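# Coordinate analysis (summary)
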Amino acid sequence: MRFTLVAAVVAASAALLSEGLGLHAWAMFVGWIVWFTRPTSATLGLHSMVSLWAGLLLAVAGHVIVGVLAPAIGQAALPVAVFVLACVAVGMRTTPVLDNMLAWFLGLVAFFALHPDNVLTGVLTLVAASAIGAGAGYACQRLQRRFAS
């Protein structure tokens, strides 16, 4: 029961902070989810966040690819961009620090779900929100371990 209450209080606090800063709670939860894909240590959690943020930057590249190719190949631009993005994300699966493929794809999903008018503002918004989620994930881990003793 204590584990559940710790997680619930931390998640609610992170949602309140996100809302107070004008950030999307769903974007905060992206950071929370990514943190818990490798919950064994803070270092692996940080590596997961680096993969998430790299996925956000990769999504920006995909956005540019679609913008450049769409006038020439129309609707085929998106599948071409997705092919390139998937090659990069999956190709990083054996690269130390950047080897969390799930985090890469969550970065792609988050960027395309936000569909920002301004790419830079969108990326910064997602980085801030996901950092809150990662911080909440870390706090949740630490508090749960403390109460487990």
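Heads up: the structure comes first, above all this text.
What comes next is a walk through the structure.

Criteria and thresholds
- Residues numbered from 1 in each chain as written.
- Predicted model: local features only at pLDDT ≥ 70, side-chain atom pairs only at ≥ 80, totals over all residues.
- Heavy atoms only, no water.
- Patch = residues over 30% accessible without salt bridge, like charges linked within 9 Å, V, L, I, M, F, W, Y side chains within 5 Å.
- Areas by Shrake-Rupley, 256 points an atom, 1.4 Å probe, with all protein chains shown as cover.
- Salt bridge = Lys/Arg side-chain N within 4 Å of Asp/Glu carboxyl O.
- Helix = DSSP H or I, 4+ residues; strand = E, 2+ residues; numbered from the N terminus.
- Phe/Tyr/Trp six-rings, centres within 6.5 Å; stacked < 30°, edge-to-face > 60°.
- Buried < 20%, exposed > 50% of the residue type's maximum accessible area, 1.4 Å probe, protein only.
- Core = buried A, V, L, I, M, F, W, Y, C linked by side-chain atoms within 4.5 Å.
- Contact = heavy atoms within 4.5 Å.
- Axes fitted to C-alpha atoms, helices over the stretch in contact; angles between N-to-C directions.
- Parallel < 35°, antiparallel > 145°, perpendicular 65-115°, else oblique.
- Left-handed = near helix turned anticlockwise from the far one by under 90°.

Together, I73, V80, F83, V84 and V88 line one region of the surface with nonpolar side chains, adding up to about 390 Å² of accessible area. Element by element, the count of residues in the nonpolar patch is highest for helix α4 (residues 77–91), at 4 residues. On the secondary structure map, V80 appears in helix α4.

On to the packing of aromatic side chains, then. One pass over the full model with this rule turns up 4 aromatic pairs. Between W32 and F36, the aromatic rings sit 5.4 Å apart at their centres with planes inclined by 55°, giving tilted as the arrangement. The exposure class assigned to W32 is buried, which follows from its relative accessible area of 14%. One aromatic cluster in this structure is built from F29, W32 and F36.

A few words on the nonpolar core. Among the nonpolar cores identified, the biggest contains 34 residues, and L52, F111 and L126 are the most heavily contacted of them. Those elements that place two or more of their residues in this core are α1 (2–20), α2 (25–35), α3 (42–73), α4, α5 (101–114) and α6 (119–148). With near-sequence residues (within four places) excluded, F111 lies in contact with L56, A59, V60, H63, P116, V119, V123 and L126.

Orientation of α1 relative to α2, taken along the N-to-C sense of each, is 140°, at an axis distance of 9 Å. Between α1 and α2, the angle falls in the class oblique. Seen from above, α1 lies across α2 with right-handed handedness. Facing α1, whose interface residues are A7, V10, A11, A14, A15 and S18, α2 presents M28, F29 and W32.

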